[in-house]
Amino acid sequence: MTPEEFRKRGHEIIDWLADYHAKISDYPVQPATQPGDVKAMLPVSPPVDAEGFDEIIADLDSVVLPNISHWQHPRFFGYFPSNSLGSGILGDLVCSGLGVLGLSWQSSPAVTEIEEVTVDWFRQMVGLSSAWFGVINDTASTSTLVALLCAREKSTGFSLVRQGLQAELKPLTIYTSASAHSSVEKAALLAGFGRENVRMVDIDGNFAMRPEALEDAIIADIHAGLKPCAIVAAVGGTATVSIDPVSEIAAIARKHGLWLHIDAAMAGNAMILPELRWMWEGIEEGADSVVINAHKWLGVPFDCSLYFVRDEPHLLRVMSADPSFLQSQADEKVRNLRNTGIPLGRRFRALKLWFAIREQGVSGLQARLRRDISLAQDLRSKVEATPGWEVVAPVVLQTVCIVNRPKSVPSHRLDDFTRAWAHSVNASGQAYVTPAIAAGHWMVRVSIGTICTEASDIEAVWRTIQEVATALVPEFS
Ligand code: PLP
């Protein structure tokens, strides 16, 4: 592609994307695609000769659009908001277009320095003190894995320079809760702790970790000859957006010398609202690391996970690799961000965050999050005011967890009924919601936060939910 062809096709693609966003609400939120449908539309072998770009663009309409879930749709209420601001999309495009890699400061200085500055802006936005140092990773799963690797090395006095965990005399233990995201257990397993050494601490009626149960578990492990290593607390647990009591957990972490990692993957974005910072009170006193995904809710396109630590030298010591071909004369004066994480190469992810913060301003971002929180409260009121319907967890941010208990549906069939109506909502194409288990039973999460969601969309999803559930009652009675 010559630069002129690139310009022409680039304009076409931007037009295509702009049209898509303009008419997105005309699509069913979830496609009716069956497994294998998409593969059946594609040749099994690559084209030997070049295809025209017109054909490639045509396939976006015929192959791609009919077979994607529309995450940016105003009635997408699934999983968590992974919303994409226009400015963020353009920042991501520039990242690919420049095609630079941050292997080291020298390999592209602006990659490092714009990331340093933008991440520090973000730190200020969420109210963390200047004691924190942050970097951008791909996902929260990676950030949590890095946190547990750092915890492991702190607890073992750098076992990685000896024989690693294999030579440790006492098994190391990790503490989290049933409300934590699956990435926590996965990170613990990948970091070599072993499933038998991961404790799922009891939760309370609001799905938050019980500090007394945490301390009991730590003490029991010490008595059993084990070595408690790290706690992962959730500020915004996945199913219900539960808030673990950070302050009390931090005090326990300090008392027993454990690493405390805060998984605030989605809810951390809400810390740009000063009125909500009570949610992680105690973080300054006792936490060692925290992850916040700007690609969840803030509006920065996937992927953009901010990972903050207090002890930058420790992070560097665990993660550094300095082969000769990556060394430069600038090394003494700069940060080489490869030494803060797992991959060597870094994308210029800071660009999309930088674009989004500048284009929206902090006040613009705050206004949208407040809008979503208020929409969630509207939905909560509607559900609570409707006989037979219940909100099963506190609505602290933008997620409303609901169940329907019609009198004629026996309790042993409620779980199946709940999953069935969630499935029906999604199959209708009118809206998309996510069923999940909380306190041993199925409920349905309505997760608000797409950029173009309005009050009328909340009314629409609530209408759809009631209609499909009512239609299914006879089948489960
Ligand atoms: N932690 C929490 C609380 C989450 O909600 C999620 C994703 O839903 C994750 C971690 C994992 O995020 P990622 O996809 O960035 O690894």
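Residues numbered from 1 in each chain as written. Predicted model: local features only at pLDDT ≥ 70, side-chain atom pairs only at ≥ 80, totals over all residues. Heavy atoms only, no water.

Trainee: Explain the pattern of salt bridges to me, and be specific about the residues and the numbers.
Mentor: It is possible for side chains of opposite charge to pair when their charged atoms get near one another. Under the definition given, this model contains 27 salt bridges. The shortest N-O distance in the salt bridge between Glu12 and Arg9 comes to 2.8 Å. Here Arg9 and Glu12 lie together in helix H1 (residues 3–22), a separation of 3 residues that amounts to about one turn. Glu12 gets classed as partly exposed once you look at its relative accessible area, which sits at 27%. A salt bridge links Glu115 to Arg346, with the nearest nitrogen and oxygen atoms 2.5 Å apart. Taken together, the residues span a long stretch of sequence, with Glu115 in helix H5 (residues 109–125) and Arg346 in the loop between helix H11 (312–319) and helix H12 (350–384) at a distance of 231 residues. Just as Glu115 is buried, Arg346 falls in that class too. Salt bridges linked by common partners bring Asp92, Asp303, Arg347, Arg349 and Lys352 together as one network. (Salt bridge = Lys/Arg side-chain N within 4 Å of Asp/Glu carboxyl O. Helix = DSSP H or I, 4+ residues; strand = E, 2+ residues; numbered from the N terminus. Buried < 20%, exposed > 50% of the residue type's maximum accessible area, 1.4 Å probe, protein only.)

Trainee: I'd love a proper account of the site of the ligand, names of residues and values included.
Mentor: The environment of the ligand is formed by 13 residues, the closest being Ala140, Ser141, Asp263, Asn293 and Lys296. A distance of 2.8 Å separates an oxygen atom of the ligand from a polar backbone atom of Ala140. Protein burial of the ligand: of its 390 Å² of free accessible surface, 88% is covered by the chains. Of the residues contributing to the shell around the ligand, the split by class is 3 nonpolar, 8 polar and 2 charged. (Near = heavy atom within 4 Å. Polar contact = N/O pair within 3.5 Å; in protein donor to acceptor, adjacent residues only side chain to side chain. Areas by Shrake-Rupley, 256 points an atom, 1.4 Å probe, with all protein chains shown as cover. Nonpolar A, V, L, I, M, F, W, Y, C, P; charged D, E, K, R; others polar.)

Trainee: Explain the sheet that holds strand S6 (residues 289–293) to me, and be specific about the residues and the numbers.
Mentor: Strand order in the open sheet formed by 7 strands is S1-S7-S6-S5-S4-S2-S3, with mixed pairing between adjacent strands. Strands with a single pairing partner mark the edges of an open sheet, and in this sheet they are strand S1 (133–137) and strand S3 (198–201). On average, adjacent strands in this sheet sit at an angle of 20 degrees to one another, irrespective of strand direction. In this structure, strand S2 (residues 172–177) lies alongside S3, joined through 4 bridges in parallel fashion. Within S3, the residue paired with Ile174 across the bridge is Val198. Those strands touched by H11 are S1, strand S5 (259–263) and strand S7 (305–309), and its axis lies near 115 degrees from that of S7. (Pairing = 2+ DSSP bridges. Axes fitted to C-alpha atoms, helices over the stretch in contact; angles between N-to-C directions. Contact = heavy atoms within 4.5 Å.)

Trainee: Tell me what's going on with the sheet that holds strand S9 (residues 399–404), and back it up with residues and numbers.
Mentor: Strand order in this open sheet of 4 strands is S8-S9-S11-S10, and the pairing throughout is antiparallel. What marks the edges here is a single partner per strand, and that holds for strand S8 (389–391) and strand S10 (434–438). On average, adjacent strands in this sheet sit at an angle of 40 degrees to one another, irrespective of strand direction. The pairing of S8 with S9 spans 3 bridges and is antiparallel.

Trainee: Break down the domain arrangement of the protein chain for me, with residues and values.
Mentor: A common measure of how large an interface is: the accessible area buried when the components associate. Considered domain by domain, the protein chain is made up of domain 1 (1–30 + 69–83 + 362–477) and domain 2 (100–347). Spacing between the C-alpha centres of domain 1 and domain 2 amounts to 30 Å. Each side of the interface is counted separately: domain 1 has 27 residues, and domain 2 has 26 residues. Surface buried jointly by domain 1 and domain 2 totals about 2100 Å² across both partners, of which 70% is contributed by carbon and sulfur atoms. Together, Leu369, Val396 and Leu397 form the three largest contributors to the area buried by domain 1 at its contact with domain 2, with a combined 26%. The interface formed by domain 1 and domain 2 holds 1 salt bridge in total. Where Glu275 meets Arg370, a salt bridge forms, and the shortest distance between an N and an O atom there is 2.8 Å. Taken together, the links from domain 1 to domain 2 amount to 11 residue pairs in polar contact (both at pLDDT 80 or more). Broken down by element, the residue count for the side of domain 1 that touches domain 2 peaks at 8 residues, all from H12. Of the residues belonging to the side of domain 1 that touches domain 2, the class tally is 17 nonpolar, 6 polar and 4 charged. (Domains from an automatic or database assignment. Buried area = accessible area lost by both parts, 1.4 Å probe.)

Trainee: Any details on the nonpolar core? Residues and values, ideally.
Mentor: Core analysis: the largest hydrophobic core is formed by 62 residues, its most contacted members being Ile231, Ile262, Trp280, Val290 and Leu353. Top element by residues in this core is H12. It accounts for 8 residues. Viewed by domain, this core spans two of them, domain 1 (1–30 + 69–83 + 362–477) and domain 2 (100–347), each represented by three or more residues. Residues within four places of Val290 in sequence aside, it is in contact with Leu128, Trp132, His261, Ile262, Ala264, Trp280, Ile283, Leu306, Tyr307 and Phe308. One finds Val395, Val433, Val446 and Ala469 within the second-largest nonpolar core, a separate group that totals 31 residues. (Core = buried A, V, L, I, M, F, W, Y, C linked by side-chain atoms within 4.5 Å.)

Trainee: Which residues make up helix H13 (residues 414–428), and what values do they have?
Mentor: In an α-helix, one turn spans 3.6 residues; hence positions three or four apart end up facing the same way. A rise of 1.5 Å per residue sets the reference length of H13, with its 15 residues, at 21 Å; its end C-alpha atoms lie 21 Å apart and thus fit the reference within 8%. Buried within H13 are the following residues: Leu414, Phe417, Thr418, Ala420, Trp421, Ala422, Val425 and Asn426. Buried residues along H13 sit in contact with S8, S9, S10, strand S11 (441–447) and helix H14 (455–476). (Expected span 1.5 Å × (residues − 1).)

Trainee: Summarise the environment of Thr139; cite the residues concerned and give the values.
Mentor: Relative to the assigned elements, Thr139 resides in the loop between S1 and helix H6 (140–155). In this structure the C-alpha to C-alpha distance between Thr139 and Phe193, which are 54 residues apart in sequence, comes to 21 Å. The contact partners of Thr139, leaving out residues within four places of it in the chain, are Asn293, His295, Phe302 and Ser305.

Trainee: Could you give an account of the packing of helix H4 (residues 86–98) against H12, naming the residues involved and the relevant values?
Mentor: H12 packs onto H4 with a crossing angle of 150 degrees between their chain directions and a minimal axis gap of 7 Å. The orientation of H4 with respect to H12, classified from their angle, is roughly antiparallel. Viewed along their axes, H4 and H12 form a crossing whose handedness is right-handed. Where H4 abuts H12, its residues Ser87, Gly88, Leu90, Gly91, Asp92, Val94, Cys95 and Leu98 lie against Leu351, Lys352, Phe355, Ala356 and Glu359. (Parallel < 35°, antiparallel > 145°, perpendicular 65-115°, else oblique. Left-handed = near helix turned anticlockwise from the far one by under 90°.)

Trainee: Residue-level account of a nonpolar patch on the surface, with values.
Mentor: The grouping of Ile14, Leu90 and Leu93 at the surface amounts to a nonpolar patch, some 250 Å² of accessible area in total. On the secondary structure map, Leu93 appears in helix H4. The exposure class assigned to Leu93 is partly exposed, which follows from its relative accessible area of 47%. (Patch = residues over 30% accessible without salt bridge, like charges linked within 9 Å, V, L, I, M, F, W, Y side chains within 5 Å.)

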